[in-house]
Each structure stands twice: as structure tokens, then as C-alpha cells.
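Structural overview for review
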Amino acid sequence: MSWIANFVRPKLRELVGGRKEVPDNLWHKCPNCGQMIFHRDLTKNLRVCQHCDHHMRLGAKERLDMLFDGGTYEKVELQAPVTDPLKFRDIKRYTDRLKEAQSKTKAKDAILVAHGRVGGIQTVMAAFDFSFMGGSMGLAVGEGVLTAARLAVMQQAPLVVLTSSGGARMQEGIHSLMQLARTTIAVEEVREAGLPYIVVLCDPTTGGVSASFAMLGDIHIAEPGAVIGFAGQRVIEQTIRETLPEGFQRAEYLYEHGMVDMVVSRRELRDRLAQVINLLMAPGKAGDLVSIDAAGVALDGEILPPAKGGKAADRKEDGTESRGDT
């Protein structure tokens, strides 16, 4: 970045007459291809690199703004859980870590719950924010998932959860691990109500989150290149003492092995999600023959164009499907 510091920034100062300091965050470097991207271009492109299509991480608020119709929704105020139940301290107090994360993200915890319309249908969403302590799941996150599930049941609306998490929050110990069972029960309440439960797997989705509600969806949609798994790749390699295949735990690898239903670009995610919700909530669709592929779902007999590397499948009412050659 020396050319930016030594050439671009002085030129910008010269243009504005040296009266104002040029912000340091005008340019962002793509972690995949190394290209420099102007911040407005990156925001306009939903934090997707226009050079290599790398999907950078996105905050929970930005995801909700992107997915709800017109960016209009109502946030749900979550009940405040017990803070620091174990009085945990390592090199810092847990309460201090929470305050730092709250100051950085302007959020109370690693999850936001909201409701609004997607494709014209009332929908409840719960979105994770990885920038808040790695999106880790503690009491507050468990409360958020449970609140979202019960709100979906009350409104008779589909539940969409957007995951981006490193797993359980170690500072809350057993209280955090209890959320695996708690969130699983929340999903079961949605299922018992006969409502769709859709999971959008973002980078990364690992640990206790992937071991509970994240992999229980009726439909799993993954963003390109997202890391999805339980243990980390290095931990697995050290345990089994073998080199893992290229692309292991990436969204595309999981799609090829039948673990996710679609890999959808962030630019197309809102439209694709609206199509899936409309299909699952449409009356009289349950007995129809439906075509599903890597990019989306057929509506009224129209097969949507498949994503790159996609393959079509016919799924019947009894859950069986016939899939083409890979």
C-alpha cells in the first residue's frame, strides 16, 4: 500500500487544498486477489470483489438491508440475558470484551432479529455479525434464535437464519453449549408449525453453530467460497495426519457432496430467496413436481437457469429426487 500512502493520498490532499485529512479507509484490499477497491465501489457491489468475485464478510445490518423488500423491516428488541455468568477473565475481563465489541459494531450482541417482507411475503430473519466476537454463540445469540423462531410461529411466517460464526462462546462455558440444544428446539417449534426454515450459510459457519441449527434447514443456501464445517481444516489434518482435498469445507465442495442445496452469489441472493419463499409458502404447491438446481427453484414449471457447475434435480412430494450426472 506504499503507492497509496506516497502518491494517491498526497494527490488527494492537493485536490482538496490540503485543508482536510484524507480518511484511511477509502481503499480496501481484496484478501483473495490483492486488488485495491474504492470503498464506494465495494459498498455498491455488496462487498463482492469485482475483479475475482470474492465475497467479503458483511455485517448483520447490511444483510438485512440487502434482503428485505426495499430495505424496510422492523428490528426485534431481544430480552437481555445474564451478562458474564461465569465471571470469566483471561487477559481481559469478558465484560470488557463485550463493551469493546458493542462499541465497535454498535450492536448489543452477535445477532440481529427482524421481520418484514421478502418477495411480498412476511418473513422473520435472524442475521449473525462475525465482527462481534467472531459471531460466537452465547446466551444472547441463543435467545435471539429462539425469539426469531417463536415470532415466525406467531406470524405464521418463514424463518430465515443467516449464519456467520466461529461457534460457541468460550467465555460463557456450559451456558454457551446449552444453546446448541436450545436452538435445535427452536427449529423444531418452527417445523411443528409447518413453516419453512431456510438457512443462508455465510463465511464462516463453524463449530457449535454448524453442529446445531445451521445444518437443520429445509433449504440450505451458501454464499460462494464460504467455509462451512465443524473443526478447522488444520485441526482435521493434524488429527488424521492426511492432506485434505482442495476446497475442502468450502461451499462449492459441500454442494458437490450434497450438503447444501444451492450456492448463490450475493448479488442474486435476495431474488433467489424470494423465489424459494414464494414456492414454499404458495398454497397448493405441496403435491407438485418441483425442479431444484444449484441456482434456484422452478416456479410454475419454469426452470430457472442453473449456477455455474449446477445440476438439476426433480424432487417429488415424498422427498425422493432424481439428479443428473455431476
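Before reading on, note that the structure itself is shown above.
Because the structure is a prediction, the values reported are computed rather than measured.

Definitions and limits used
Residues numbered from 1 in each chain as written. Predicted model: local features only at pLDDT ≥ 70, side-chain atom pairs only at ≥ 80, totals over all residues. Heavy atoms only, no water. Core = buried A, V, L, I, M, F, W, Y, C linked by side-chain atoms within 4.5 Å. Buried < 20%, exposed > 50% of the residue type's maximum accessible area, 1.4 Å probe, protein only. Helix = DSSP H or I, 4+ residues; strand = E, 2+ residues; numbered from the N terminus. Contact = heavy atoms within 4.5 Å. Axes fitted to C-alpha atoms, helices over the stretch in contact; angles between N-to-C directions. Parallel < 35°, antiparallel > 145°, perpendicular 65-115°, else oblique. Pairing = 2+ DSSP bridges. Salt bridge = Lys/Arg side-chain N within 4 Å of Asp/Glu carboxyl O. Nonpolar A, V, L, I, M, F, W, Y, C, P; charged D, E, K, R; others polar.

Moving on, we get to the nonpolar core. If you look at the biggest cluster of nonpolar residues, it comprises 39 residues, and the most contacted ones within it are V124, L159, Y197 and F213. Contributions of two or more residues to this core are made by α4 (94-105), β4 (111-118), β5 (121-128), α5 (139-155), β6 (159-165), α6 (173-192), β7 (197-205) and α9 (251-256). The element best represented in this core is α5, accounting for seven residues. Non-local contacts of L159, meaning those with residues more than four positions away in its chain, are made with V124, A148, A149, A152, V190, P196, Y197 and I198. Listed in part, the 27 residues of the second largest apolar core include Y73, I121, V160 and V200.

Another point: the packing of α5 against α6. Following both chains from N to C, one finds α5 and α6 inclined at 5 degrees, their axes separated by 9 Å at the closest point. Regarding the angle of α5 to α6, the classification is roughly parallel. Packed against α5, whose contacting residues are L139, G142, E143, V145, L146, A149, R150 and V153, the element α6 presents H175, Q179, R182, T183, A186, E189 and V190 at the interface.

Right, let's talk about unusual backbone geometry for a bit. At the junction of D203 and P204, the peptide bond is cis and its omega measures out at -15 degrees in the coordinates. Tracing the chain through its elements places P204 in strand β7. Of note in the backbone geometry, K87 takes a positive phi value of approximately 55 degrees without being a glycine. With respect to the helices and strands, K87 occurs in the loop between β3 (73-75) and α4. According to the relative accessible area criterion, K87 is exposed, its value standing at 66%.

An order of β3-β4-β5-β6-β7-β8-β9 is seen for the seven strands of this open sheet, with the pairing classed as mixed. The open sheet is flanked by β3 and β9 (262-263), the only strands paired with a single partner. Sheet analysis places β3 next to β4, joined by three bridges and oriented antiparallel. Paired with K75 across the strands is A114, a residue of β4.

Turning our attention to the pattern of salt bridges. If charged atoms from side chains of opposite charge come close, those side chains can pair. Tallied over the entire structure, the rule returns 14 salt bridges. A salt bridge links K92 to E100; the nearest nitrogen and oxygen atoms lie 2.9 Å apart. Residue classification places E100 among the partly exposed residues on the basis of a relative accessible area of 42%. Ionic pairing is found between D218 and R191, a salt bridge with its closest N-O pair at 3.2 Å.

Relative to the assigned elements, V263 resides in strand β9. Using a relative accessible area of 13% as the deciding quantity, one classes V263 as buried.

Packed helix pairs are characterised by how far apart their axes lie and by the angle those axes make with each other. Between helix α3 (residues 60-67) and helix α10 (residues 266-281), whose axes approach to 9 Å, the crossing angle comes to 55 degrees. By the angle between their axes, α3 is oblique relative to α10. Along the contact surface, α3 presents R63, M66 and L67, while α10 presents R266, L269, R270 and L273. Taken together, the residues that form the contact of α3 with α10 break down as four nonpolar, no polar and three charged.

In short, geometric facts, not functional conclusions.
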